Amino acid sequence: MLAFVMAALFGVPQFATGATTPQTIPSIFEDRVLIQATVNGRPLWFHLDTGANGMFIDRNVAVASGLTPASDGSVTADVTIGSLRATNAQFHTISAYGFASGVTIVGLIGTPLLESGIFTIDFVKKQVLFYPPGSFDPSSAGVAPTPIDFDGHVTRVHAWFASTRATMLLDTGAQISMLFQPFANDVTLGGPVTDPASITVGYGMKPTTERQYHVKPLTFGGLRVRDPVIDVVDQAPPILPTTLFDGVLGRDVLRFFRMTLDYADQVGYFDPRGGKTVDP
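Computed from a predicted structure; not experimentally measured.

## Observations concerning the overall build of the protein
(1) Moving on: Within the protein, the regular secondary structure consists of 4 helices and 26 strands.
(2) Moving on: Taking 19 Å as the expected radius of gyration for a compact globule of 280 residues, we find that the protein reaches 18 Å, a close match to that expectation.
(3) Moving on: Taken across its 280 residues, the protein has 50% of its residues classed as buried.
(4) Moving on: A separation threshold of at least 6 residues defines the contact pool for the protein, and within that pool the share at least 24 residues apart is 68%.

## Observations regarding the packing of aromatic side chains
(1) Moving on: Taken as a whole and judged by the stated rule, the model has 10 aromatic pairs.
(2) Moving on: Note on Phe150 and Tyr263: the rings are 4.0 Å apart at their centroids and 5° apart in plane angle, and the pair reads as stacked. On the criterion of sequence distance, the pair formed by Phe150 in strand S13 (residues 149–151) and Tyr263 in the loop between strand S24 (257–262) and strand S25 (267–272) is long-range, its members being 113 residues apart.
(3) Moving on: Residue classification places Phe150 among the buried positions, given a relative accessible area of 14%.
(4) Moving on: Three or more aromatic residues joined by ring pairs form one cluster here, namely Tyr131, Phe136 and Tyr269.
(5) Moving on: Sitting over the ring of Phe245, Arg156 keeps its end group 5.7 Å from the ring centre.

## Here's the deal with the nonpolar core
(1) Moving on: Grouped together as the largest cluster of nonpolar side chains are 61 residues, with contacts concentrated most on Phe161 and Phe220.
(2) Moving on: Not counting residues within four places of it along the chain, the set of residues in contact with Phe220 comprises Val157, His158, Ala159, Leu170, Leu249, Val253, Leu254, Phe257 and Phe270.
(3) Moving on: With 11 residues, the next largest nonpolar core counts Val154, Leu169, Leu240 and Val248 among its residues.

## Regarding the side chain of Ser135
(1) Moving on: Topologically, Ser135 is positioned in the loop between strand S11 (127–131) and strand S12 (146–147).
(2) Moving on: Of note is the side chain of Ser135, whose polar atom sits 2.6 Å from the backbone oxygen of Pro132.
(3) Moving on: For Ser135, the residues in contact, after removing those within four places along its chain, are Thr20, Thr21 and Pro22.

## Here we look at the sheet that holds S24
(1) Moving on: Reading across the sheet, the 6 strands line up as S1-S11-S10-S24-S25-S12 and stay open at both edges, with antiparallel pairing between neighbours. In this open sheet, the two strands that pair with only one neighbour each are strand S1 (23–25) and S12.
(2) Moving on: Here S12 runs beside S25; their pairing, made up of 2 bridges, is antiparallel. Bridge pairing links Thr146 to Gly268 in S25.

## Some details on the confidence of the model for the protein
(1) Moving on: Overall, the prediction assigns the protein a mean pLDDT of 87, with 91% of residues at 70 or greater.
(2) Moving on: Ignoring residues within four places in sequence, the model shows residues 1–11, a span with pLDDT below 50, making 49 contacts including any to other chains.

## Quick notes on the pattern of salt bridges
(1) Moving on: One pass over the structure, following the stated rule, counts 3 salt bridges.
(2) Moving on: A salt bridge links Arg251 to Asp31; its shortest N-O distance comes to 3.3 Å. Of this pair, Arg251 sits in helix H4 (residues 251–254) while Asp31 sits in the loop between strand S2 (27–30) and strand S3 (32–39); the two residues are 220 residues apart in sequence, bridging distant segments of the chain.
(3) Moving on: One salt bridge in this structure joins Arg156 and Asp149, with 2.2 Å as the shortest N-O distance.
(4) Moving on: Judged by its relative accessible area of 14%, Arg156 falls in the buried class.

## Observations concerning the pairing of S3
(1) Moving on: The sheet contact formed by S2 and S3 spans 4 bridges and is antiparallel. Within S3, the residue paired with Ile28 across the bridge is Leu34.
(2) Moving on: Here 6 bridges tie S3 to strand S4 (residues 42–48), and the two strands are oriented antiparallel to one another. Within the sheet, the bridge partner assigned to Ala37 lies in S4 and is Leu44.

## A look at the side chain of Asp252
(1) Moving on: Looking at where Asp252 falls in the secondary structure, it is placed in helix H4.
(2) Moving on: Despite its burial, Asp252 remains without a salt bridge, the nearest opposite charge being carried by Arg255 at 6.6 Å.
(3) Moving on: Residues within four places of Asp252 in sequence aside, it is in contact with Gln175, Ile176, Ser177 and Val229.

Thresholds applied
Residues numbered from 1 in each chain as written. Predicted model: local features only at pLDDT ≥ 70, side-chain atom pairs only at ≥ 80, totals over all residues. Heavy atoms only, no water. Helix = DSSP H or I, 4+ residues; strand = E, 2+ residues; numbered from the N terminus. Rg over C-alpha atoms; globule rule 2.2 N^0.38 Å. Buried < 20%, exposed > 50% of the residue type's maximum accessible area, 1.4 Å probe, protein only. Contact = heavy atoms within 4.5 Å. Phe/Tyr/Trp six-rings, centres within 6.5 Å; stacked < 30°, edge-to-face > 60°. Lys NZ or Arg CZ within 6 Å of the ring centre and 35° of its normal. Core = buried A, V, L, I, M, F, W, Y, C linked by side-chain atoms within 4.5 Å. Polar contact = N/O pair within 3.5 Å; in protein donor to acceptor, adjacent residues only side chain to side chain. Pairing = 2+ DSSP bridges. pLDDT = per-residue confidence, 0-100. Salt bridge = Lys/Arg side-chain N within 4 Å of Asp/Glu carboxyl O. Lys, Arg positive; Asp, Glu negative; His and termini not counted.

Here it is, written out as structure tokens:
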């Protein structure tokens, strides 16, 4: 259910472009956000994951693409994503990945790409746009900027459960939003939707227990979800300490937005689809 990965930060690849106007990144929106990258001359599909502070590739695919893992499991490759190019970009290798509608997904690409410029992830029009330096007009976003905390190369934003503010990981890699138990104790939960189940929050983390609940209205980016269903997780992973994170904001909420992220200025523009009040 959850496609969320975090790992140690690798060197940030220097993606660059010769373009001067906004560029469309080859992408597919079928629940997940997939982008196409050419790695060592081979076109491949990756998750675009704002919750990952590195880039990851299936180990077998890396080897088949002519890449040799180093002792720490990483590989380096020349990468092209649309008009963006990086030389000797570093990937961490992981075990076999999955599939989506016949498209083979070989890994994920996180903030090392996104911090290379300003990106729009448009769940409304189902497209990903990249803005070269000087090509983004903030007035075109249609909404006021929202502060984002880009710390440790992951993105924190604020959401409200009724009148209680939560600090959330902004995570396009997560299928469903979740709250960690310490924060969930401070908000009003409705009846449980599911029985307790085991879940792993983060690649390589130990399993913990989760249960889905109805919660008080969730508000984010000017949009109010009246009766959201949220995972409540007993134990937050060490990579998301509860001193810094109250939970994760996933695609079940983000799908209502045209989301533009400007990591350099630490602001986001979250343009809600349709009206200001929706049902999930």
